[in-house]
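# Commentary on secondary and tertiary structure
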Amino acid sequence: MNASVTRRAALFGGLCLCCLPRPGFAADALSMDEVAPGVFIRRGPDAEATPENADGIANIGFIVGRDGVLVTESGGSLADGQWLRREITHRTDKPIRYVMLTHVHPDHVFGAAAFRGDNPTFVGHAGLRGALDARGAFYRQRLAEILGADKAGEVVYPTMEVKDGAEIDLGDRTLRLTAHGSAHTTCDLSMLDTGSGLLFPADLLFVGRIPSLDGSLLGWFKEIERLKAVGATDAVPGHGPTRVALAPTMADLARYLSALRDETRKAVAGGVPIDTAVRTVAQGEKDNWALFDTYNGRNVTQAYQELEWE
């Protein structure tokens, strides 16, 4: 990843850094849904990071198999990861074998340090290490400035890198992993749980909360088709309800991305400057998504920079 785009990518990539969490994680307000036998998910709020939520804004959880536990997402901070680990120990004494790091954004990876003592396999896309090299120190510095170094956690690198596909066996259920091309980010990893039939697309699927574009808009359409081809009927999105029907929620996502693509192309072709485009493109979608005003302009910026070179 080009170091010159690191700060811009960090600022536009899934987290408003000025709103990183501060001490005071309201863990008691959180709960887990058992969305399928042995599959526990916590819904993250449709909100930016705040002192109260400690960047615990993503859907995180775990899958219990015969031989151990797989963490589906590690959480957005050390405090968030510690909360998740306590939830796991309240429900099972099986060892935590795997921790998924589905992409580089802080709300999905900064809880990983809470699991170091379990010595699990940290699983990530083959491109995640480079993304963490480019952004991890900056993310951690901002967390440390606000939370304190002891609460910020550490950048945790994958110890198992997925280049194309891979499988993880929990004894009585197999997890099929897919490394995606540039889409939501440049390092998205999805998972299919054969035990429940649930698809875990991570942030390749946002429901209710506006998607954040940090990779390739055109690539995201390609990866949507790959996810649909898996054949799952239900999914656990990266943000939104803990279990959703895949087809209609993917259609909602594709509708927004289509508006973003088509209207950005029209702006580029018409010579509309980018600072005007960010205020006008995809405004018809405003009432359909939480945090629209926070993220749509960033998405337009990313899309404009991609599509102006078509």
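By the naming in an unreviewed UniProt entry, the chain is Quinoprotein relay system zinc metallohydrolase 2, taken from Methylorubrum rhodesianum. The Sequence similarities (unreviewed entry) comment attached to the chain in UniProt states, word for word, "Belongs to the metallo-beta-lactamase superfamily. Class-B beta-lactamase family."

### Observations regarding the sheet that holds strand E6 (residues 121-125)
On the basis of which strands lie adjacent, the open sheet formed by 7 strands has the order E1-E2-E3-E4-E5-E6-E7 and mixed pairing. The two strands at the open ends of the sheet, each matched to only one other strand, are strand E1 (33-36) and strand E7 (160-162). For this sheet the average axis-to-axis angle between neighbouring strands, irrespective of direction, equals 25°. Of the strand pairs in this sheet, strand E3 (residues 60-64) and strand E4 (residues 69-73) are connected by 4 bridges, and their pairing is antiparallel. Opposite Phe 62, over in E4, you have Val 71 as the bridge partner.

### Examining the pairing of strand E12 (residues 234-239)
Burial of E12 is extensive: 6 of the 6 residues sit out of reach of the surface. The pairing of strand E11 (residues 199-206) with E12 spans 3 bridges and is classified as parallel. Across the sheet, Ala 202 pairs through a bridge with Pro 237, a residue of E12. In terms of handedness, the path from E11 via helix H6 (residues 217-229) over to E12 forms a crossover that is right-handed. Here 2 bridges tie E12 to strand E13 (residues 244-245), and the two strands are oriented antiparallel to one another. Each bridged residue has a counterpart across the sheet, and for Asp 234 the counterpart in E13 is Ala 245.

### Here's the deal with the environment of Asp 55
Looking at where Asp 55 falls in the secondary structure, it is placed in the loop between strand E2 (39-42) and E3. The spatial distance from the C-alpha of Asp 55 to the C-alpha of Ala 269 is 39 Å, given a sequence separation of 214 residues.

### A look at the packing of aromatic side chains
A complete count under the given rule lists 4 aromatic pairs for this structure. Centroid distance Phe 138 to Tyr 139: 6.5 Å. Interplanar angle 35°. Geometry classified as tilted. A residue is classified by how much of its surface remains accessible, and Tyr 139, at 1% relative accessible area, is buried. The ring centre of Phe 221 lies 4.5 Å from the NZ or CZ of Arg 261, which sits over that ring. Lying over the aromatic face of Tyr 295, Arg 298 brings its terminal NZ or CZ to 4.7 Å of the ring centre.

### Quick look at the pattern of salt bridges
Enumeration according to the criterion identifies 19 salt bridges in this entry. Among the ionic pairs, Asp 46 bridges to Arg 43, the shortest N-O distance being 3.2 Å. By relative accessible area, Arg 43 is classed as partly exposed at 38%. The shortest N-O distance in the salt bridge between Arg 265 and Glu 310 comes to 2.7 Å. Of this pair, Arg 265 sits in helix H7 (residues 246-269) while Glu 310 sits in the segment after helix H9 (292-307), placing them 45 residues apart in sequence. When its relative accessible area of 56% is taken as the criterion, Glu 310 is described as exposed. Salt bridges sharing partners connect three or more residues here, namely Asp 252, Arg 255 and Glu 285.

### What to know about the side chain of Ser 74
One can find Ser 74 in the loop between E4 and helix H2 (78-91). With a relative accessible area of 0%, Ser 74 lands in the buried category. From its side chain, Ser 74 meets the backbone oxygen of His 108 in a polar contact 3.1 Å long. A polar side-chain atom of Ser 74 sits 3.4 Å from the main-chain carbonyl oxygen of Val 109. Not counting chain neighbours up to four residues away, the residues in contact with Ser 74 comprise Gly 81, Leu 84, Val 99, Met 100, Leu 101, His 108, Val 109, Phe 110, Gly 111, Ala 112 and Phe 115.

### Some points on the environment of Pro 273
Structurally, Pro 273 is set in the loop between H7 and helix H8 (274-280). Overall, the relative accessible area of 42% leaves Pro 273 in the partly exposed class. For the pair formed by Pro 273 and Asp 287, sequence separation is 14 residues and the distance between their alpha carbons is 25 Å.

### Quick notes on the confidence of the model for the chain
Looking at the chain as a whole, its pLDDT mean stands at 90, while 91% of the residues score no less than 70. Under a pLDDT of 50 for its full length, residues 1-28 has, in the predicted model, 78 contacts with residues more than four places off or in other chains.

### Things to note about the packing of H6 against H7
As a packed pair, H6 and H7 sit with axes 10 Å apart at the nearest point and diverge in direction by 160°. In terms of orientation, H6 lies roughly antiparallel with respect to H7. The chirality of how H6 crosses H7 is left-handed. Residues Leu 217, Leu 218, Trp 220, Phe 221, Ile 224 and Leu 227 of H6 pack against Leu 246, Met 250, Leu 253, Ala 254, Leu 257, Ser 258, Leu 260, Arg 261 and Arg 265 of H7. Per-class residue counts for the contact of H6 with H7 are 12 nonpolar, 1 polar and 2 charged.

The rules we used
- Residues numbered from 1 in each chain as written.
- Predicted model: local features only at pLDDT ≥ 70, side-chain atom pairs only at ≥ 80, totals over all residues.
- Heavy atoms only, no water.
- UniProt positions renumbered as here; feature names shortened; annotations may be inferred.
- Pairing = 2+ DSSP bridges.
- Helix = DSSP H or I, 4+ residues; strand = E, 2+ residues; numbered from the N terminus.
- Axes fitted to C-alpha atoms, helices over the stretch in contact; angles between N-to-C directions.
- Buried < 20%, exposed > 50% of the residue type's maximum accessible area, 1.4 Å probe, protein only.
- Right-handed = clockwise from strand over helix to strand, strands pointing away.
- Phe/Tyr/Trp six-rings, centres within 6.5 Å; stacked < 30°, edge-to-face > 60°.
- Lys NZ or Arg CZ within 6 Å of the ring centre and 35° of its normal.
- Salt bridge = Lys/Arg side-chain N within 4 Å of Asp/Glu carboxyl O.
- Polar contact = N/O pair within 3.5 Å; in protein donor to acceptor, adjacent residues only side chain to side chain.
- Contact = heavy atoms within 4.5 Å.
- pLDDT = per-residue confidence, 0-100.
- Parallel < 35°, antiparallel > 145°, perpendicular 65-115°, else oblique.
- Left-handed = near helix turned anticlockwise from the far one by under 90°.
- Nonpolar A, V, L, I, M, F, W, Y, C, P; charged D, E, K, R; others polar.

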